[in-house]
Amino acid sequence: MKIHAYERIYLALCAVLIVLGVIAVGMSVFARGVHLPAPHGTILAAEAVKTAPFDNLGLTEVAPGEYQMVMLGQMWQWNPLKGENPNGKDITIPAGSTVTFTITSSDVVHGFMVRGTNINAMVIPGQITEVTYTFDKPGEYLVICHEYCGRFHHKMWGKVIVS
Amino acid sequence: MSSVPYTGSMTAPAPDKVAARANWREFPKEQIWPIGAQLGLGMVALGLGGLLGLLQALERVRPEIYENPATSKYLDYYQGLSLHGVLLALVFTFTFANSFLSLTTMKAFQRPMRSTLLLQGSFVLGALGVVLAGFALLTNRANVLYTMYAPMTAHVSFYLGATLLVVSTWLVSLNQVLTLRDWRKEHPGEPMPLLAFASIVSFLMWDLASIGIAVEVLGFLIPASVGIVNAVNPQLTRTLFWFTGHAIVYFWLLPAYVSWYLMMPKQVGGKIYSDSLTRIVFILFLLFSVPTGLHHQYTDPGIPIWLKTAHFFTTIVIAVPSLITAFSLMSALELAGRSHGGKGLFGWIPKLGWGNPSVVMQLLAMLTFILGGITGIINASYTVNSVVHNTAFIPGHFHITVGTAVAQTIMGVCFWLVPYLTGNKLWQPKLGVAAAWLYTIGVLIFARGQMWGGIDGMPRRSAMGAAQYQPQEWMLSNQLTAIGGVLMTIAGVIFVLMMLMTVLVKNRGVTEIPVAEAVIGPRANWSGLDKLGRWFILAFVLIVLAYGPTFWDLARNGGRATPVRMPQMGYMPLQMPANMGPVLFALYAVFAIAALVGLWKVLLGKPSEPA
Ligand code: HEM
Ligand SMILES: [Cu+2]
Ligand SMILES: [Cu+2]
């Protein structure tokens, strides 16, 4: 098959571009340790509130500087975070802490995102989502629901305060 | 290399002056009206959808649009967004593909479609689908967005409407294949006209792609919405949706590629760069569009890492045909510009017909699509996806792809297609040039706003103006979104007005379908490219390889059933009569019988005759 010289050069450049892209992505995984959410077990959504660990929502220190945050995505609260819910409570952790968020949904699909970090994971009823992140910089981190979850989806948020 | 001389459509008689004057009589009237009607439906969808888009863009700076007592009774942000998504991503794109690629098939084969019934049926079912889905959407019964993620559930009429819209596309595909068979009987051993090849492959790709959403809607969502089952597995239905959901973007894009590859060169006075390369590009889309869908689920908890990785690699493969396209189109344009006296490195650019509204629309669409391709590669890049997934970056990205590259190309095509169909001259062509620039400038501002916000964590699909958590830093990106949205809407209004006036104002003139010839003709020694049946089977095998393990894994540890709910009801479970089961099955049965009878008639019908 005859291919024009310009075309061959162009295709070669494309190949180089793609290879470089794959290398960059590979480095982000293997050198920088960025990992996508992986399966962490399943759960019966209708009974999530009664099922461990979601029967005990909130922050626990599992080791010095290491926390586990158990949360439930619900229309329309990242339970137990505050957001616009008077009974909720935002969490405070010292800078440098590593937090593992363990989340599920008891109703519809939600999306878990923390602004200014690369925390970004879907929260799907029936599935358990787990993400780990080390908060090095102090500040107020906005926790947002980024998947449409009904009429007041934009009222589903909260804060992680790193002191 | 040996190449045979190529004259666009191989069997085309020289266009006869008389036939050209009454050019819509080139094909039978009863086939032209459903094509026009289908296109008209798409224009209505564009007009209404665009207005809702304007409200969404303005909401960012004026939340009271939705939040004051006078309007909040009638307007809900997410209801509007559901309408916007359905009207533009489904109705507008499907109806255009149906009408445009039916006409190109007829033009390429120089004969009417095999079945007038299928052609008219496609329009009728599409229109019925719009009515059914529209009823549910307008009455607040389907605020589920066009992605319809379970366990959120809409009124059954929404799903029935969506189903009919998809069925309307299948009818076109069937009609194309039947017409191809008629043509082949009379032209044994000849390469298929390139225009027909591209039109048919686009639909074959979509036939495979739409299996996912068909199974999701017919198998899970309709039964759930009528209360036959009261729980579904959300991870499974999401996966079925994205089986279709990535490839659907190529079903939006390929009609635009048909125009860019095969018609634009003619419109700028040039030729197609290479016939075989064009065929290879379309075959690559057929093969690799579907087995990439998991790249929309990188952040899903229920999909194993190795499968996400596998789909990352197939996604890279699907970038190749688009990269080739960038080259082929540029060279076709450059050749055309040079043949009109363009000199030097860039001297060919001004020679491309910037005064022709159809050409300007599409040139700007192509330029914008470069940014669309780049942002698409960003989205697909595995870990980088975590930065942008479900943020406003994504609407930024797809308004320059489907919202511009495709939408502007459709508008550009309509600038000759509507005159062709009506026999009227285009009303005020200069306005069309203005609309093209206005829309492109608008969308670039709009997308800049959305992407900027998205990288800083602004979520998509959110009534941003009403969100109390909104930090000060997002204000500028909201303002850009609103300003861009206003410009886009003005352009859209000009376009719809032009179409309306072209139809209404009697100003007779001849318009022909632009079909370009290739510089390098089809390869005589390799007819393998035309063996569509084999490519189709190979595509199917690739899908089984990519999705077989996914569904196998989901079946084994894919999570459990979750009760379904209506979105606007909060925690309240669905309350529907449980005895709807027989009614639903009766409905399915009626549809199935009607389909079988129709098919029977079509298959036994007379073959089409050359025009
Ligand atoms: C006047 C022109 C338009 C304006 C001002 C506009 C505005 C918007 C805005 C602001 C959103 C984001 C809503 C959000 O994330 O909360 C949106 C979403 C969307 N737009 Fe447009 N748009 C326009 C034209 C188009 C066109 C031509 C298409 C496609 C052909 C399109 C397809 C979509 C889709 C698919 C969504 C996503 C809906 C969803 O997330 O469910 N838009 N539009
Ligand atoms: Cu939400
Ligand atoms: Cu995709």
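To be clear, the structure that these remarks concern was listed above.
All residue numbers refer to position in the chain's written sequence, counted from 1. Here chains are named by letter from A upward and ligands by number from 1 upward, in the order in which they appear as written. Totals for whole chains, interfaces and linings use all residues, but because this is a predicted model, local features are given only for residues with pLDDT of at least 70 and pairs of side-chain atoms are given and counted only at 80 or more. No hydrogens and no water enter the side-chain calculation; it runs on all heavy atoms of the structure.

**Brief notes about the packing of helix α16 (residues 393–422) of chain B against helix α17 (residues 429–455) of chain B**
A pair of packed helices is characterised by two quantities: the angle between their axes and the separation of those axes. Residue and element names in this part refer to chain B. Orientation of α16 relative to α17, taken along the N-to-C sense of each, is 170°, at an axis distance of 7 Å. In terms of orientation, α16 and α17 fall into the roughly antiparallel class. Taken together, the residues of α17 that come into contact with α16 (itself represented by Phe393, Pro395, Gly396, His397, His399, Ile400, Gly403, Thr404, Gln408, Met411 and Phe415) are Gly432, Ala436, Tyr439, Thr440, Val443, Leu444, Phe446, Ala447, Gln450, Met451, Gly454 and Ile455. The residue classification treats Ala, Val, Leu, Ile, Met, Phe, Trp, Tyr, Cys and Pro as nonpolar and Asp, Glu, Lys and Arg as charged. All others, Gly included, are polar. Broken down by class, the residue content of the contact of α16 with α17 amounts to 13 nonpolar, 10 polar and no charged. For every element, the axis is a line fit to its C-alpha atoms; helices are fit only across the contacting stretch, and the angle between N-to-C directions ranges from 0 to 180 degrees. Helix and strand assignments follow DSSP, with helices taken as H or I runs no shorter than four residues and strands as E runs no shorter than two, numbered in order from the N terminus. For classification, angles of less than 35 degrees are called roughly parallel, those exceeding 145 degrees roughly antiparallel, those between 65 and 115 degrees roughly perpendicular, and all remaining angles oblique. We call two residues contacting when some pair of their heavy atoms lies within 4.5 Å.

**Brief notes about the environment of tryptophan 354 of chain B**
Residue and element names in this part refer to chain B. Its location among the elements puts tryptophan 354 in the loop between α13 (305–339) and α14 (357–380). In the structure, tryptophan 354 is positioned 24 residues away from methionine 330 in sequence and 16 Å away in space, judged by C-alpha atoms. Setting aside residues up to four positions removed in sequence, tryptophan 354 forms contacts with Ile349, Val360, Leu363, Leu364, Val433 and Trp437. Polar contact criterion, stated in full: a pair of N or O atoms within 3.5 Å, where within protein one must be able to donate a hydrogen and the other to accept it, and residues adjacent in sequence count only if both atoms are side-chain atoms. A distance of 2.7 Å separates a polar side-chain atom of tryptophan 354 from the backbone oxygen of isoleucine 349.

**A short note on the site of ligand 1**
All names here are of chain B. In this text, near means that some heavy atom of the residue lies within 4 Å of the molecule or strand in question. Not every one of the 28 residues close to ligand 1 is listed here, only the nearest: Tyr77, His84, His399, Arg460 and Arg461. At 3.4 Å, a side-chain N or O of arginine 60 approaches an oxygen atom of ligand 1. The backbone of serine 462 places a nitrogen or oxygen atom 3.3 Å from an oxygen atom of ligand 1. Elements represented by at least two residues in the shell around ligand 1 include exactly α2 (29–59), α5 (77–109), α16, α17 and α18 (475–504).

**Quick look at the coordination of the copper ion (ligand 3)**
All names here are of chain B. Coordination of the copper ion (ligand 3) by the protein is provided by His246 (ND1), His295 (NE2) and His296 (NE2), with metal-donor distances spanning 1.7 to 2.1 Å. Each donor residue of the copper ion (ligand 3) lies on one chain, and together they are spaced H-x48-H-H. Only protein chains enter the calculation, and the probe is 1.4 Å; a residue is then buried if its accessible area is under 20% of its type maximum, exposed if over 50%, and partly exposed in between. For histidine 296, a relative accessible area of 24% puts it in the partly exposed group. Sites may look incomplete because water is not among the atoms; the donors themselves are N, O and S atoms within 2.8 Å of the metal, or within 3.2 Å for Na, K and Ca.

**A closer look at helix α7 (residues 156–186) of chain B**
Helix span is expected to be 1.5 Å times the residue number reduced by one. Spanning 31 residues, α7 of chain B covers 46 Å between terminal C-alpha atoms, matching the ideal 45 Å at 1.5 Å per step. Burial of α7 of chain B is extensive: 23 of the 31 residues sit out of reach of the surface.

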